[in-house]
Amino acid sequence: MSIKLFLLLVQACGWTIVISVTSIVLGLALGTMVSAAMLSSHRLLSLAGRTFVSFFRGAPLLVQLLLIYNLLPMLGLNVPSMVAAIVGLSLCTAAYQAENLRGGFASVPTGLLEAADMLGLTPLQQFWRIRAPIALRMTLPALTNEAIMILKASSLVSVVGVIELTRMAQDLSASTFKPLPLFAAAALLYLVINGLVATGAQALERSFRWGSKA
Amino acid sequence: MKFDLDLIVSLAPELLRAAGLTLTTWLGGALAALVLGFAVALGRRYGPRFLDSALRAYVEVIRGTPFLIQLFLLYYGGPFIGLSLDPVPAGLLGLAVYGAAYFSEIFRAGFESVPHGHVEAGECLGLDRAQIVKRILIPEMTMLVLPPTVNMLIVLLKETAVLSIITVPELTFQISAIGSEKYAFVEAMFLLACFYWGLVELCGRLGRTAEARLSRYRFANT
């Protein structure tokens, strides 16, 4: 395989990373809201949250992506396939992250929240200064796992026509008739990205632990 | 969208066959993955060091790359190294190789959870390695490995949908084809999602029931 082909694959990695990172961040925001709904004392709200999580964790991501990719235009939203892919991945990861965050938020000691109440912190301040940092620290290892899952799952958006790493390898192997080296190179690139994420997350976890000691 | 009962009745045999293929590839692939995963875990525990390193590399590569890429390598790359497979066997092999990596890690953690003293006690009593695995390791780790094993079975069920991309005529493949043919793709995909959802929920329930049963047995005897 020539250097030129490999560089094309490396370029396509950029899209894989952009799609994954955007989905993880959007999924974290949506997942926080869903986990709040699940933990809510309002019956209907918690049922809605649990149904959301159950559905998006229960159906295969590929089917979800095909559904969303074809559903959006039906609703009058003619968005590029890239956007549909990000919406699909975000909804799916939101469900997994909501389940993780639910545990994190539930583990915030009530004493801390009572203390915050005494100090006159508003609910919003309590969320940003107490609940969110503790929940995030608790769920960081799960979040790392989820990030790696999404990086791998992003290969499925190739079926809705987004030219990311997998699709690039597919297109190049169709035009060069060299599937073996191209898919092997793509696999290697996924390994490298995931390795970097895992290493970075370990460093982040360590610094978080120092932060909590200080 | 109008509900067309005749259409569904006329498609019923085809859909049933596709659903059957989804279930058989899932169960067949999962069973092979369980056996292979157990063998990998045993190889890493009892095999020589180079075997442990080789198996570890296999596990890391499989767990670090997307299932779809593995399938492409197998299905499109395979013929270049003399491994020409039809879609269904390629899918089964892909599921087995993929699942085995994850199962082997589950079993490895299970082996490690068994206290050393129990294994040593078995050795003192003159049990051989196979007996120790069968009589001590497996019974003691069952409770611990059951939840992640059920979880992985569910993951594998959902991964069978990916086999449609290498043209395995399972449910996702057939329903996409029918959906586009009848101009009812979104409805078809929604029903398909609900089918998997129901099956996944059912598996989760069964897993929890099995767990409750097993733990009752265990605690009744201690």
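The residue count restarts for each chain, going from 1 along the sequence in the order it is written. The order in which chains are written sets their letters, starting at A; the order in which ligands are written sets their numbers, starting at 1. Residues qualify for local features only when their pLDDT is at least 70, as the model is predicted, and side-chain atom pairs are given and counted only at 80 or more; totals for whole chains, interfaces and linings, by contrast, use all residues.

Right, let's get into the overall build of chain A. Within chain A one finds eight helices and zero strands. Helix numbers and strand numbers start at the N terminus; a helix is a DSSP run of H or I with at least 4 residues, a strand a run of E with at least 2. Along chain A, helices and strands appear, N-terminal first, in the series α-α-α-α-α-α-α-α. A principal-axis box enclosing the C-alpha atoms of chain A has dimensions of 70 × 45 × 25 Å. Comment: burial labels come from other C-beta atoms within 10 Å of the residue's own C-beta, placed from the backbone, where a count of 20 or more is buried, 12 or fewer is exposed, and between is partly exposed. Buried positions account for 40% of the 214 residues belonging to chain A. We call two residues in contact when their backbone-placed C-beta atoms lie within 7 Å. A separation of at least 24 residues holds for 76% of the contacts in chain A among residues at least 6 apart in sequence.

The next subject is the overall build of chain B. What chain B contains, in helices and strands, is eight helices and zero strands. Ordering the α and β elements of chain B from the N terminus gives α-α-α-α-α-α-α-α. For chain B, the spread of C-alpha atoms along the three principal axes comes to 70 × 50 × 25 Å. A burial count over chain B gives 37% of its 222 residues as buried.

This part covers the environment of Gly204(B). Its place among the elements puts Gly204(B) in helix H8 (residues 185–220). Between the alpha carbons of Gly204(B) and Ala30(B) there is a distance of 16 Å; along the sequence they are 174 residues apart.

Across the boundary between the two partners, chain A contributes 30 residues, which contact 27 residues of chain B. Only helix H2 (43–58), helix H3 (61–74), helix H7 (165–176) and helix H8 (179–213) of chain A provide two or more residues apiece to the side of chain A that touches chain B. Broken down by element, the residue count for the side of chain A that touches chain B peaks at ten residues, all from H8(A). Across the side of chain A that touches chain B, the residue classes tally to 19 nonpolar, ten polar and one charged. Polar here means any residue other than Ala, Val, Leu, Ile, Met, Phe, Trp, Tyr, Cys and Pro, which are nonpolar, and Asp, Glu, Lys and Arg, which are charged; Gly is therefore polar.

Across chain A, the average pLDDT comes to 90, with 97% of residues at or above 70. A residue's pLDDT is the confidence the predictor assigns to it, expressed on a 0 to 100 scale. Of all the helices and strands in chain A, H8(A) carries the lowest mean pLDDT, 86, while H2(A) carries the highest, 93.

A few words now on helix H3 (residues 67–77) of chain B. Counting buried residues in H3(B) gives eleven out of eleven residues, a clear majority hidden from the surface. The set of residues buried in H3(B) consists of Phe67(B), Leu68(B), Ile69(B), Gln70(B), Leu71(B), Phe72(B), Leu73(B), Leu74(B), Tyr75(B), Tyr76(B) and Gly77(B).

Averaged over all residues, the pLDDT of chain B equals 90, while 95% of them reach at least 70. Scored as a whole, the predicted complex attains pTM 0.89, and scored at its interfaces, ipTM 0.88.

Residues and elements named next belong to chain A. Helix axes use the C-alpha atoms of the stretch in contact, all axes being lines fitted to C-alpha atoms, and the angles between their N-to-C directions lie in the range 0 to 180 degrees. Between helix H1 (residues 3–39) and H2, the least distance of the axes is 6 Å, while the angle of their chain directions is 130°. In terms of orientation, H1 lies oblique with respect to H2. Viewed along their axes, H1 and H2 form a crossing whose handedness is left-handed. Along the contact surface, H1 presents Val34, Ala37 and Met38, while H2 presents Leu45, Ser46, Ala48, Gly49, Arg50, Phe52 and Val53. Here the contact of H1 with H2 is composed, by residue class, of seven nonpolar, two polar and one charged. Convention used here: angles under 35 degrees read as roughly parallel, angles over 145 as roughly antiparallel, angles from 65 to 115 as roughly perpendicular, and any remaining angle as oblique. Each crossing gets its handedness from the near helix: less than a right angle anticlockwise from the far helix is left-handed, clockwise is right-handed.

Residue and element names in this part refer to chain A. Along the polypeptide, phenylalanine 52 turns up in helix H2. The spacing of phenylalanine 52 and methionine 38 is 14 residues in sequence and 9.6 Å in space, taken between C-alpha atoms. Residues in contact with phenylalanine 52, not counting those within four places in the same chain, are Val34 and Ala95.

The next point concerns unusual backbone geometry. Where the residue is not glycine, phi is negative for most of them; where a peptide bond is considered, it is trans in most cases. The backbone phi angle of Phe177(A) is positive, close to 55°, even though this residue is not glycine. You can see Phe177(A) is positioned in the loop between H7 and H8. Residue Thr167(B) is not a glycine yet carries a positive backbone phi of 60°. Inspection of the secondary structure assignment puts Thr167(B) in the loop between helix H6 (129–159) and helix H7 (171–181).

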